[in-house]
Amino acid sequence: MDDAELDWIAWTTPITTALGVEVAAADFVGRTVACRQHILGNTISIVAPLVRAGARVRMAPCNPDSTDDRTVAHLASIGVEIRARAGMSATEHAESLAWLTSEPADALCDMGGDLIAAFAAAGRQPAGALEATTTGLHRLAGLDIDFPVLDWNGIALKDLIHNRHHVGLETWPAFSAITGLALYGREVVVVGFGPVGQGVAARARDLGAVVTVVDLDPVRLVQAQHDGCRVASLDDAVCIASVIVTATGIDGVLGSDRLSNVADGVILVNVGHSDREIDVEWLDRHRRVEIRRHLDRYDIGQKRLYLLNRGSLVNLAAGLGVAAPQLFDPFAAIMLLGLHAILSGGTTDLPNGVQRYPRELETRVAHALASGSVR
């Protein structure tokens, strides 16, 4: 990346950039940060201040389908130890996690819970960790973790803003960029009506889709009806859908039984953190045709199924140019402040296990957001 592009990243992430000046002034020489996250352009705003503060940063991707190779190259050029590339094989992805957990670290930054779980299983005790996803929290539930884990997935700022609005805002431009299709008149089924599913459904309706919602919570189904959506069971919904979107954060929501019953030509999309909400392994047992980047066709008997981004988060599919990285600025700031707090001793008195992300740090970012610092 040249100076002009780096300047653009800084200009479009004003909150993180401003806080990064403060973090860069700290003395983190001799401290190690291990990160397993999406590696996109705005990652630079999080990592570069830690490097300038003297920290050793080691990084691997939580999802190779949301890895930007140019960002990887830049991070390596500033001294980040990184093992990542777009489209890593499953073996390479697993090896990158093993490499990341092969050494101790003072702070962990995780998306999906695998890094934290691996450190806990190895008996390592960093000063603290960050976890960003519902999927990760599911994986950590019930584990014996001998260090504090700051849950920033559950903070109001992420739940009400990023989950509810931003994912939906980016999902459908990515869908259209990959497929070349609009939503007018299409039967869209949204599986999971938490904040992410709500935002995805609302944007689909705005774009002309007929939306059906599936959820196990009857209260959410009532909410979906009040939002103008139909509701149905998963078994009934998959039979009518032309587009199915999973938004639960749980593996195996669309398994072989449901995938066998979908309509011919259905397009499968995932926006939950887990890249296995759709049973991609089962799909891969059938004839697969790569139509273009991020778009595969599967021949299942006499039916054709289309899968976007290999079942990974479609809103973060790398290389589309439709994402709005400035929308993630406050959450990049949440991550940077959380790592600064851990490295500065701010988690010393916290109990082990999953804890709420510090409210005072969330409030600080919210004040910056509300004051109009976002461009």
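The structure we're discussing is the one just above.
Residues numbered from 1 in each chain as written. Predicted model: local features only at pLDDT ≥ 70, side-chain atom pairs only at ≥ 80, totals over all residues. Heavy atoms only, no water.

Participant: Explain the state of the cysteines residue by residue, including any values.
Facilitator: With the rule as written, the count across this model stands at zero disulfides. Here C109 stays unpaired: no disulfide links it, and the sulfur of C35, its closest cysteine neighbor, is 4.8 Å away. In this model C239 remains outside any disulfide bridge; the closest cysteine sulfur is found in C229, 19 Å from its own. (Disulfide = S-S within 2.5 Å.)

Participant: Quick rundown of the packing of aromatic side chains? Include the residues and the values.
Facilitator: With the rule as written, the count across this model stands at four aromatic pairs. Ring geometry for F328 and F331: centres 5.8 Å apart, planes at 50°, overall tilted. The exposure class assigned to F331 is buried, which follows from its relative accessible area of 0%. The ring of F119 carries R124 above its face, with NZ or CZ at 5.9 Å from the centroid. Above the face of the W152 ring, K158 is positioned so that its terminal group lies 5.7 Å from the ring centre. (Phe/Tyr/Trp six-rings, centres within 6.5 Å; stacked < 30°, edge-to-face > 60°. Buried < 20%, exposed > 50% of the residue type's maximum accessible area, 1.4 Å probe, protein only. Lys NZ or Arg CZ within 6 Å of the ring centre and 35° of its normal.)

Participant: Give a description of unusual backbone geometry that names residues and reports values.
Facilitator: Note: most residues except glycine have negative phi, and most peptide bonds are trans. The phi angle at H294 is positive, at roughly 75°, despite the residue not being glycine. With respect to the secondary-structure elements, H294 resides in the loop between β12 (287-292) and β13 (295-300). You can call H294 buried: its relative accessible area is 11%. Even without being glycine, N309 reaches a positive phi, approximately 55°. Its location among the elements puts N309 in the loop between β14 (303-308) and α14 (329-343). (Helix = DSSP H or I, 4+ residues; strand = E, 2+ residues; numbered from the N terminus.)

Participant: How would you summarise the packing of α14 against helix α15 (residues 359-370) if you had to cite specific residues and measurements?
Facilitator: Axis separation between α14 and α15 bottoms out at 10 Å; the angle between their running directions is 145°. Along this stretch, α14 crosses α15, giving a crossing that reads as right-handed. Contacts between α14 and α15 involve P330, A333, I334, L337, G338 and A341 from the first element and L361, E362, R364, V365 and L369 from the second. (Axes fitted to C-alpha atoms, helices over the stretch in contact; angles between N-to-C directions. Left-handed = near helix turned anticlockwise from the far one by under 90°. Contact = heavy atoms within 4.5 Å.)

Participant: Give a description of the sheet that holds strand β2 (residues 56-61) that names residues and reports values.
Facilitator: Pairing is parallel across the open sheet formed by seven strands, whose spatial order is β3-β2-β1-β4-β5-β6-β15. Each edge of the open sheet carries a strand with a single partner, namely β3 (81-82) and β15 (353-356). With four bridges joining them, strand β6 (residues 148-151) and β15 adopt parallel strand pairing. Across the sheet, the residue bridging to P148 is G353, located in β15. (Pairing = 2+ DSSP bridges.)

Participant: Can you explain the pairing of strand β10 (residues 243-246)? Please cite residues and give values.
Facilitator: Of the two faces of β10, both are covered, the one formed by V243 and V245 as well as the one formed by I244 and T246. Examined bridge by bridge, strand β7 (residues 187-191) and β10 share four bridges and lie parallel to one another. The residue of β10 that forms the bridge with V190 is V245. In the sheet, β10 pairs with strand β11 (residues 267-270) via four bridges, with the strands oriented parallel. Note on β11: the bridge partner recorded for I244 is L268.

Participant: Outline the pattern of salt bridges, listing residues and values.
Facilitator: A complete count under the given rule lists 21 salt bridges for this structure. Put simply, E5 and R70 hold a salt bridge, and the shortest N to O gap is 2.6 Å. Taken as a pair, E5 in helix α1 (residues 3-12) and R70 in helix α4 (residues 69-77) lie far apart in primary sequence, 65 residues in all. Put simply, E281 and R276 hold a salt bridge, and the shortest N to O gap is 2.7 Å. Judged by relative accessible area, R276 falls into the partly exposed class, the value being 25%. Through salt bridges with shared partners, a single ionic network connects R36, D114, R139 and D251. (Salt bridge = Lys/Arg side-chain N within 4 Å of Asp/Glu carboxyl O.)

Participant: Report on the pairing of β14, specifying residues and quantitative values.
Facilitator: As paired strands, β11 and β14 are joined by two bridges and run parallel to one another. Within β14, the position partnered with L268 by the bridge is L307. Here β13 pairs with β14 via six bridges, running antiparallel. Note on β14: the bridge partner recorded for D299 is R304. Counting the residues in the hairpin turn of β13 and β14 gives two residues, including G301, whose phi is positive at 65°.

Fair warning: the whole summary comes from geometry, so function is off the table for now.
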